[in-house]
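Chain and residue survey
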There are 2 protein chains.
Amino acid sequence: MKDHFSLTGVTVAMTPMARFEEYLQSRGKRVTQQRRTILDQVFSHHEHFDADDLLEELASRKLGDRKVSRPTVYRTLGELVDSGLLRKMSLNNRSVYEHDYGYPQHDHLYCEECKQLIEFQSKELSSICETVAKQQRFRAKGHRLIITGVCSNCNKARQRPTHRLEMI
Amino acid sequence: MKDHFSLTGVTVAMTPMARFEEYLQSRGKRVTQQRRTILDQVFSHHEHFDADDLLEELASRKLGDRKVSRPTVYRTLGELVDSGLLRKMSLNNRSVYEHDYGYPQHDHLYCEECKQLIEFQSKELSSICETVAKQQRFRAKGHRLIITGVCSNCNKARQRPTHRLEMI
DNA sequence: ATAGTTGCAAATTCTTTGCAAGCCA
DNA sequence: TGGCTTGCAAAGAATTTGCAACTAT
């Protein structure tokens, strides 16, 4: 489930942790071990992930981290989205997350074969959205485009003779 | 939850029912009362809907229709998607359906306030998708763009003084 | 008659919540 | 200390499945 690292991050003034602390403090919330551990794990790599992925990653951290329970993961993911650090999307009726803070606006190609999400950027797309929103007097906050199909790797795999045999 | 009827249907050779029967027969499946009732209800109006909406609509049909259970609704919705009559999308981790057969490709604006889906068409968008797919050697089967924000009606509502008071 | 369908109940999957014990400011 | 957090268990919400009874062909 490796992702394509085709996009370059944007420069940001604060680290995700600093930003999260600011968000928490501004709301009278507390900076706990669990929240720190989750944030650290979430920003340790750039793949898209869901709550289960994150829970597994946390479980395999052999560090002295305190254990993080499933409800806390869900609660914290919500806070990370609220604080603007993560973006959430709904894929096959499950929530999938990705970095938002320090990462440019982009959209996705979704391979129905290997379930991989591939990122791409398009400035034309953004202007289309603006135009459409203006026409409809709609106050747009954001957009999400997903192109579904089969990625180049899976296309190749399909054409290999071994696969024809397996299909019998 | 009324929808905008801004798009005009495309001309099709068969009625949805005829097409569904063809699909069923080609797979050795049967044309049952329940499948007929569901198809009839689904194509009786053009709003987006989910399984619960459909179940409610079916329950309120005072006709001599046989009762349709929840599992049958789910099973049949799947078949309607397979047969190309409906399109399914994932919204807030639930499945939402809309007409596909006899209806042109389009995308949506989603109002986070009133939860309404507004349709729009954009040919530029389709060409962007083609270009992106070609660049990534991705075999695209389709796409889905959703612009989130607040629709014109809800924007107006927000500005009405009554609402300011209600917010206290 | 025979194989596909249906409804019921129960199981699954993903996510949220109530609450007592624990921890941060 | 006082209030926000956590983990546990349980509840919820959406969807799927096993199976015996039913029905289309």
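Residues numbered from 1 in each chain as written. Chains lettered and ligands numbered in written order. Predicted model: local features only at pLDDT ≥ 70, side-chain atom pairs only at ≥ 80, totals over all residues. Heavy atoms only, no water.

**Description of the protein's contact with DNA strand D**
Lining the immediate environment of DNA strand D, one finds 22 residues, of which A:R30, A:K67, A:S69, A:T72 and B:R94 sit closest. One of the side-chain nitrogen or oxygen atoms of A:T32 is found 3.0 Å away from a phosphate oxygen of DNA strand D. In the environment of DNA strand D, a phosphate oxygen lies 2.4 Å from a nitrogen or oxygen atom belonging to the backbone of A:K67. Sorting the residues of the surface near DNA strand D by element identifies α2 (33-42) and α4 (70-82) of chain A together with α4 (70-82) and β2 (94-99) of chain B as the ones contributing at least two each. Among the residues forming the surface near DNA strand D, the class breakdown is 5 nonpolar, 7 polar and 10 charged. (Near = heavy atom within 4 Å. Polar contact = N/O pair within 3.5 Å; in protein donor to acceptor, adjacent residues only side chain to side chain. Helix = DSSP H or I, 4+ residues; strand = E, 2+ residues; numbered from the N terminus. Nonpolar A, V, L, I, M, F, W, Y, C, P; charged D, E, K, R; others polar.)

**Things to note about the interface of chain B and chain A**
The partner chain A presents 39 residues to the 39 residues of chain B that form the contact. Taken together, the two surfaces of chain B and chain A that pack against each other cover about 3,000 Å², and 57% of this comes from carbon and sulfur. Per-residue buried area on chain B facing chain A is highest for B:N93, B:F138 and B:R139; these three make up 21% of the total on that side. Here chain B and chain A share 2 salt bridges between them. The salt bridge partner of A:K141 is B:E112, with a shortest N-O separation of 3.4 Å. Summed over the shared surface of chain B and chain A, the number is 19 residue pairs in polar contact (both at pLDDT 80 or more). Sort the elements by how many residues they give to the side of chain B that touches chain A and strand β5 (residues 139-150) of chain B lands first, with 12 residues. Class assignment for the residues of the side of chain B that touches chain A results in 17 nonpolar, 13 polar and 9 charged. Bridge analysis of strand β5 (residues 139-150) of chain A against β5(B) gives 11 bridges, and the strand direction is antiparallel. Along β5(B), the bridge assignment pairs A:L145 with B:L145. (Contact = heavy atoms within 4.5 Å. Buried area = accessible area lost by both parts, 1.4 Å probe. Salt bridge = Lys/Arg side-chain N within 4 Å of Asp/Glu carboxyl O. Pairing = 2+ DSSP bridges.)

**Concerning the layout of surface pockets**
Roughly 1,600 Å³ of volume is contained in the largest pocket. What lines the largest pocket is a set of 47 residues, among which A:S90, A:R144, A:I146, B:S90 and B:I146 lie closest to the centre. Of all the elements in the fold, those that place two or more residues in the lining of the largest pocket are β1 (86-91), β3 (107-111) and β5 of chain A together with β1 (86-91), β3 (107-111) and β5 of chain B. Broken down by class, the residue content of the lining of the largest pocket amounts to 14 nonpolar, 19 polar and 14 charged. (1 Å grid on protein atoms, 1.4 Å probe; cavity = no way out; pocket = protein on both sides within 12 Å on 5 of 7 lines; lining within 4 Å. Points joined across faces, edges and corners; volume = space filled by probe spheres on them.)

**Quick notes on the environment of A:V132**
Mapped onto the elements of the fold, A:V132 is located in helix α5 (residues 123-135). For the pair A:V132 and A:V81, spaced 51 residues apart in the sequence, the C-alpha separation amounts to 26 Å. When residues no more than four places from it in sequence are discounted, the contact partners of A:V132 are B:L109, B:F120 and B:I147.

**Some details on the domain arrangement of chain A**
Residue and element names in this part refer to chain A. Entries for chain A in the domain assignment read domain 1 (1-103) and domain 2 (105-168). Tallying the contact residues gives 16 residues for domain 1 and 13 residues for domain 2. For the domain 1 and domain 2 pair, buried surface summed over both sides reaches about 1,300 Å², with 50% attributable to carbon and sulfur atoms. Looking only at domain 1, the three residues that lose the most surface to domain 2 are L7, R87 and L91, adding up to 35% of its buried area. Taken together, the connections running from domain 1 to domain 2 amount to 0 salt bridges. For the pair domain 1 and domain 2, the interface holds 8 residue pairs in polar contact (both at pLDDT 80 or more). Those elements that place two or more of their residues in the side of domain 1 that touches domain 2 are β1 and β2 (94-99). When residues in the side of domain 1 that touches domain 2 are grouped by element, the largest group, 4 residues, is from β1. (Domains from an automatic or database assignment.)

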